[in-house]
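Structural overview
Chain residues, written in single-letter form:
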Amino acid sequence: MKSQDVRKQFLDFFQSKGHLIVPSAPIVLKDDPTLMFNNSGMAQFKEYFLGNATPKSNRIADTQKCLRVSGKHNDLEDVGFDTYHHTMFEMLGNWSFGDYFKEEALPWAWEFLTEVLKLDKERLYVSVFEGNEAENVPFDQEAFDIWKQFVPEDRIILGNKKDNFWEMGDQGPCGPCSEIHIDLRTDEERASVSGRSLVNADHPQVVEIWNNVFMEFNRKADGSLEKLPAQHVDTGMGFERLCMAMQNTTSNYDTDVFTPLIEKVEGITGLKYTSNEVKGISEEQNKTNIAIRVIVDHVRAVAFAIADGQLPSNTGAGYVIRRILRRAIRYGFTFLNTKEPFVYQLVAVLADQMGDFFPEIKKQQGLVTNVIREEETSFLRTLDQGLQLLDNVIATNQGKEVPGAKAFELYDTFGFPIDLTALILRERGFSLDEAGFDKAMQEQKTRSRAASEVSTDDWKILVEGNTETFVGYDQTESEAKITRIRKVDSKKDGVMYQIVLDSTPFYPEGGGQVGDKGVLVSANETIQIIDTKKENNLILHFTKKLPENVNGVFVAKVDSKLRSDTTKNHSATHLMHQALRSILGTHVEQKGSLVSPNHLRFDFSHFAKVTDEELQQVEDFVNGRIQEQLPLIERRDIPFAQAVEEGAMALFGEKYGDHVRAIKFGGSMELCGGIHVKNTGEIWHFKIVSEGAVAAGIRRIEAITGDAVKAYFASQESTLNEIKFALKNPQDVIKAVGSVQEENTKLKKQVEQLIRDKAKGLKTELAQQIQEINGVQFLAVQVDLNPEGAKDLAYDLGNLGTNMFLVLATAEEGKPMLSCYISKELVADKKLNAGLVVRELGKYIQGGGGGQPFFATAGGKNAGGIQEALNKAIDFVK
């Protein structure tokens with residue numbers, strides 16, 4: 001059975017059991033501060049389990065794109081080395097929110113596996129929770145009795161808390177679970193060793209395929225359990241593992257989920273992947289297999305993350321995506337001999353394979369391909385640079401063991417993979433101080449963990465029930481009571497409190513718009529609201545202190561000035577989106593935004609730099625709509641399909657419900673939950689302040705509106721007046737500036753000629769000071785030139801021989817600069833590197849720098865350290 005058919009059979013089965021089939025949520029979570037990525041099928045339903053929202057149906061089924069690469073659920077380092085762990089995987093799930101429970105869920109699971117899919121009952125094992133006396137949770141007798149109807153008792157396994165008690169995190173909904181495992185070994189292997197003994201023992205052919213979780217408890221901050229008001233079912237079945245069982249393979253990678261990608265890698269590299277069923281393969285072939293598994297797994301995770309709106313970057317979720325992609329690249333670089341970008345070529349295969357069920361990967365195929373290709377090119381350059389730096393580390397190392405701190409610097413500063421460092425060192429006859437590296441790594445993790453450490457108390461409920469209402473679309477203040485509070489303590493922000501109100505005008509951060517600020521006012525005091533966010537359908541108001549009487553009546557007041565400035569920027573963002581699509585083309589799509597009171601930032605797909613003329617056209621377009629004074633047409637509860645049919649823009653990577661809010665200004669219509677002006681005339685004026693690249697095919701525009709534009713124009717006028725004053729108030733400012741520039745050009749040429757003449761004289765003088773050390777012509781001296789003159793002089797001196805090592809120092813206007821020239825023959829023969837030299841010597845002038853192996857420069861702050869730097873230069877040639 002093909003993988004597409006397996007997926008369809010599952011959804012059809014649960015639809016026949018009265019379940020509503022819903023699409024997968026985006027793999028990237030934009031509005032959940034507790035998770036970077038959807039790491040399980042239940043993540044998008046958290047608010048229902050917590051009782052903070054009502055689902056559209058009490059029975060739901062879906063297949064969810066999941067990513068497990070960080071936090072509690074992290075499978076990254078296992079991927080490739082075994083045949084059943086993945087970064088991205090699909091989780092088939094069926095859900096009951098206070099409706100059915102164990103007596104329906106378990107028989108349905110058995111029916112689907114054995115009657116619909118017709119899996120061999122003799123190969124299936126089930127597990128139930130054995131109970132935990134310390135937490136007062138009994139043995140799951142009910143699940144055990146249900147399974148006895150279908151499964152012999154010798155295939156029912158009692159599992160401990162680790163294996164059979166599922167928890168969302170350190171706090172939150174949890175409960176006992178019942179897993180279903182399948183034994184895919186040969187009949188001979190099964191006869192020799194019972195599958196029962198291999199369940200949960202990391203055997204590659206005895207694997208869990210389905211977990212039925214029974215949400216009965218809530219884990220509190222102190223670790224205790226309390227009963228949830230309703231019982232829920234949360235099931236998750238690994239799609240890839242189920243395909244393995246249905247296609248009679250012993251590896252997920254031998255199924256049609258992965259084989260098209262593997263065949264593409266084989267075609268690119270000329271290397272062959274051997275099936276998991278082949279025995280006795282060589283160590284070299286095993287390394288090839290692992291590398292190919294890593295690549296075909298990782299490209300899925302990266303591609304779908306980018307398609308859902310997460311670009312690789314140096315922070316947060318973007319850093320995780322970059323790290324996954326770089327892991328794939330370096331496995332190809334090291335074990336498949338791929339020295340040019342190639343992973344991007346797999347995107348077309350993925351889009352063709354999964355595009356029918358996940359249309360986002362086909363729609364975003366061009367963008368995903370370009371971003372991956374650029375990331376590959378950049379990281380391959382990093383690897384080349386790292387190899388050169390590693391060569392220098394080896395060349396200057398004392399002894400045959402390279403210190404772990406040096407390897408960690410390569411890893412931390414330059415992104416050079418530690419396993420590649422260790423591999424190269426072994427090939428060169430060196431060893432790595434792994435303990436030193438681990439120590440440096442642990443110290444960094446400890447610092448990072450300490451900086452981000454957060455402890456969150458349980459909610460203190462003041463008003464029972466879901467009474468919270470958002471009124472911020474219509475008003476900026478309202479009477480309110482506090483329904484719940486909790487304390488949050490973090491290293492970064494200190495002690496803060498989160499307050500939930502029964503009625504709030506505060507807009508929570510979301511959709512690119514920042515959260516509102518303001519005050520909570522009672523008869524006796526005023527509490528500052530410093531931020532507003534949304535978590536599990538609750539609007540959280542952040543404060544540094546709690547009111548004296550938390551049960552009192554308050555007036556919640558939004559900072560009207562900040563709100564007004566934010567709405568102008570948000571509405572201008574919509575108009576700019578329309579302008580970009582009109583002027584640049586309909587290929588333009590929003591890829592990220594930030595709307596704050598001070599400015600707006602908009603990322604969008606486009607293949608080239610936006611020209612000055614096009615930027616002016618965008619400005620004129622938006623300002624034209626502002627002058628037309630277009631009224632806001634807001635539709636708060638329109639069916640999603642109707643809104644899209646009427647032309648509303650829906651963004652990839654966003655999660656929309658059946659009913660949506662549509663915002664329209666003239667010809668601009670977008671689905672949006674943010675706050676907007678009532679009329680475009682309120683924006684006053686729109687001004688672009690910058691445009692640039694973010695990633696391959698992604699551009700970024702930053703712009704301002706309203707009072708910020710007034711301040712910008714005032715600043716420009718002030719600058720112009722200062723220029724006029726400096727030029728003695730000429731009648732024609734532009735002509736006067738041109739005259740100054742022309743005169744400056746002439747003087748500059750004269751100065752350059754004088755410096756060249758001076759350098760020629762210095763060349764003769766310094767040539768006599770060059771000394772030979774270990775076959776190297778060496779000179780380290782300070783010269784009275786500017787940095788450009790020092791560079792020219794270094795090249796002139798360098799032409800005197802093929803074994804020159806020169807360090808020239810300058811201190812123009814008290815700013816120290818070191819220039820290092822090394823003959824290319826020395827770079828090749830002695831593995832010397834000018835970039836490494838100036839980086840080391842730069843420490844003495846409190847600076848740093850870099851460049852090419854044969855020429856590099858370093859600037860600094862401490863001119864007093866020049867002589868010490870020059871004295872140390874000789875160490876590189878001794």
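In the block above lies the structure referred to throughout.
Residues numbered from 1 in each chain as written. Predicted model: local features only at pLDDT ≥ 70, side-chain atom pairs only at ≥ 80, totals over all residues. Heavy atoms only, no water.

Time to look at the overall build of the protein. Scanning the protein for helices and strands turns up 25 helices and 37 strands. Counting only C-alpha atoms, the protein reaches 100 × 75 × 55 Å along its principal axes. Taking all 878 residues of the protein together, 51% fall into the buried category. Pairs at least 24 residues apart make up 68% of the contacts formed inside the protein by residues separated by at least 6 positions. Of the roughly 40100 Å² of accessible surface on the protein, a fraction of 47% belongs to carbon and sulfur atoms. Taken as two groups, the 101 positive and 126 negative side-chain charges of the protein have centres that lie 4 Å from each other. (Helix = DSSP H or I, 4+ residues; strand = E, 2+ residues; numbered from the N terminus. Buried < 20%, exposed > 50% of the residue type's maximum accessible area, 1.4 Å probe, protein only. Contact = heavy atoms within 4.5 Å. Areas by Shrake-Rupley, 256 points an atom, 1.4 Å probe, with all protein chains shown as cover. Lys, Arg positive; Asp, Glu negative; His and termini not counted. Charge placed at Lys NZ, Arg CZ, Asp CG, Glu CD.)

Grouped together as the largest cluster of nonpolar side chains are 122 residues, with contacts concentrated most on Leu-113, Trp-210 and Leu-242. The leading source of residues in this core is helix H9 (residues 283-307), at 14 residues. With near-sequence residues (within four places) excluded, Trp-210 lies in contact with Phe-10, Phe-14, Asn-94, Ala-109, Phe-112, Leu-113, Ser-178, Glu-179, Ile-180, Thr-235, Gly-236 and Met-237. (Core = buried A, V, L, I, M, F, W, Y, C linked by side-chain atoms within 4.5 Å.)

What follows deals with the side chain of Ser-478. Within the element layout of this structure, Ser-478 appears in strand S17 (residues 477-490). Once you skip the residues sitting within four places of it in the chain, Ser-478 turns out to touch Val-471, Ser-503, Thr-504, Pro-505, Phe-554, Val-555 and Ala-556.

All right, on to helix H21 (residues 733-767) then. With 35 residues, H21 should cover 51 Å at 1.5 Å per step; its first-to-last C-alpha distance of 50 Å lies within 8% of that length. Every buried residue of H21 is listed here: Val-733, Ala-736, Ile-755, Ala-759, Leu-762 and Leu-766. The inward-facing, buried residues of H21 contact helix H20 (706-726), strand S33 (776-782) and helix H22 (787-798). Its side-chain oxygen placed 3.3 Å from the backbone nitrogen of Ile-734, Asp-732 serves as the N-cap of H21. (Expected span 1.5 Å × (residues − 1). Polar contact = N/O pair within 3.5 Å; in protein donor to acceptor, adjacent residues only side chain to side chain.)

This brings us to H20. In a regular helix each residue adds 1.5 Å, so 21 residues correspond to 30 Å; H20 covers 31 Å between its end C-alpha atoms and thus fits that length. A positive backbone phi angle near 65 degrees is found at Lys-728, which sits one or two residues after H20.

What follows covers the packing of helix H11 (residues 346-354) against helix H13 (residues 365-396). Two elements in contact, H11 and H13, have axes whose closest approach is 9 Å; the angle formed by their N-to-C orientations is 150 degrees. On the basis of their axis angle, the class for H11 and H13 is roughly antiparallel. The two elements H11 and H13 cross, and the hand of that crossing is right-handed. Together, Val-347, Ala-348 and Ala-351 of H11 and Gln-365, Val-368, Thr-369 and Ile-372 of H13 make up the contact between the two elements. Considered class by class, the residues forming the contact of H11 with H13 number five nonpolar, two polar and no charged. (Axes fitted to C-alpha atoms, helices over the stretch in contact; angles between N-to-C directions. Parallel < 35°, antiparallel > 145°, perpendicular 65-115°, else oblique. Left-handed = near helix turned anticlockwise from the far one by under 90°. Nonpolar A, V, L, I, M, F, W, Y, C, P; charged D, E, K, R; others polar.)

Okay, the environment of Cys-820 next. As for its placement among the helices and strands, Cys-820 is situated in strand S35 (residues 815-822). Separated by 289 residues in sequence, Cys-820 and Asp-531 have C-alpha atoms that sit 51 Å apart. Contact partners of Cys-820, with chain neighbours within four places excluded, come to Phe-805, Leu-806, Val-807, Ala-834, Val-837, Val-838, Phe-854, Phe-855 and Ala-856.

It is worth spelling out the sheet that holds strand S28 (residues 659-665) at this point. What holds strands together in a sheet is hydrogen bonding between their backbones, with the strands either parallel or antiparallel. Strand order in the open sheet made by the three strands is S27-S28-S29, with antiparallel pairing throughout. Edge positions in the sheet fall to strand S27 (633-639) and strand S29 (668-671), since each has one partner strand and no second. In this sheet, adjacent strand axes meet at a mean angle of 25 degrees when their direction is disregarded. For S27 and S28, the ladder comprises five bridges, and the chain directions are antiparallel. Across the sheet, Arg-635 pairs through a bridge with Ala-662, a residue of S28. (Pairing = 2+ DSSP bridges.)

With that settled, consider the sheet that holds strand S36 (residues 848-851). Strand order in this open sheet of six strands is S32-S33-S34-S35-S37-S36, and the pairing throughout is mixed. Of all strands in the sheet, those bounded by a partner on one side alone are strand S32 (771-773) and S36. Across the sheet, the axes of successive neighbouring strands diverge by a mean angle of 20 degrees, strand direction being ignored. Packed on one face of the sheet, H22 meets S33, strand S34 (804-812), S35 and strand S37 (855-859) and runs near 165 degrees to S34.

So, on to the environment of Leu-546. Its place among the elements puts Leu-546 in the loop between strand S23 (538-543) and strand S24 (553-558). Every residue in contact with Leu-546, bar those within four places of it in the chain, is listed here: Ile-485, Tyr-497, Ile-499 and Ile-527.

Right, let's talk about the packing of H13 against helix H15 (residues 418-427) for a bit. The contact between H13 and H15 brings their axes to 11 Å, and the two run at 50 degrees. In terms of axis orientation, H13 runs oblique to H15. Handedness of the crossing formed by H13 with H15: right-handed. Contacts between H13 and H15 involve Leu-383, Leu-387, Leu-390 and Ile-394 from the first element and Leu-420, Thr-421, Ile-424 and Leu-425 from the second. Here the contact of H13 with H15 is built from residues that sort into seven nonpolar, one polar and no charged.

This next bit is on the pattern of salt bridges. Enumeration according to the criterion identifies 48 salt bridges in this entry. Put simply, Arg-190 and Asp-187 hold a salt bridge, and the shortest N to O gap is 3.1 Å. Of the two residues, Arg-190 and Asp-187 are both situated in helix H6 (residues 187-192); the distance of three residues between them amounts to about one turn of the helix. For Arg-190, a relative accessible area of 23% corresponds to the partly exposed category. Where Arg-636 meets Glu-634, a salt bridge forms, and the shortest distance between an N and an O atom there is 2.8 Å. For Arg-636, a relative accessible area of 38% puts it in the partly exposed group. Judged by relative accessible area, Glu-634 falls into the partly exposed class, the value being 24%. (Salt bridge = Lys/Arg side-chain N within 4 Å of Asp/Glu carboxyl O.)

Unusually for a residue other than glycine, Lys-118 sits at a positive phi of about 60 degrees. The backbone of Trp-684 sits at a positive phi, close to 75 degrees, despite the residue not being glycine. Tracing the chain through its elements places Trp-684 in the loop between S29 and strand S30 (686-695). For Trp-684, a relative accessible area of 42% gives the class partly exposed.

A word on the pairing of strand S7 (residues 156-159). When strand S6 (residues 124-129) meets S7, the two strands line up parallel, connected through four bridges. Its bridge partner lying in S7, Phe-129 is registered against Gly-159.

With that out of the way, let us pick up the state of the cysteines. Counting across every chain of the model gives zero disulfides. Distance from the sulfur of Cys-243, which forms no disulfide, to the nearest cysteine sulfur (Cys-66) is 15 Å. (Disulfide = S-S within 2.5 Å.)

Further remarks concern a negative patch on the surface. Together, Glu-752, Glu-788, Asp-792 and Asp-796 give the surface a local cluster of negative charge. With three residues, H22 is the largest single contributor of residues to the negative patch. Considering the arrangement of structural elements, one finds Asp-796 in helix H22. (Patch = residues over 30% accessible without salt bridge, like charges linked within 9 Å, V, L, I, M, F, W, Y side chains within 5 Å.)

In short, shape yes, function no, at least from these values alone.
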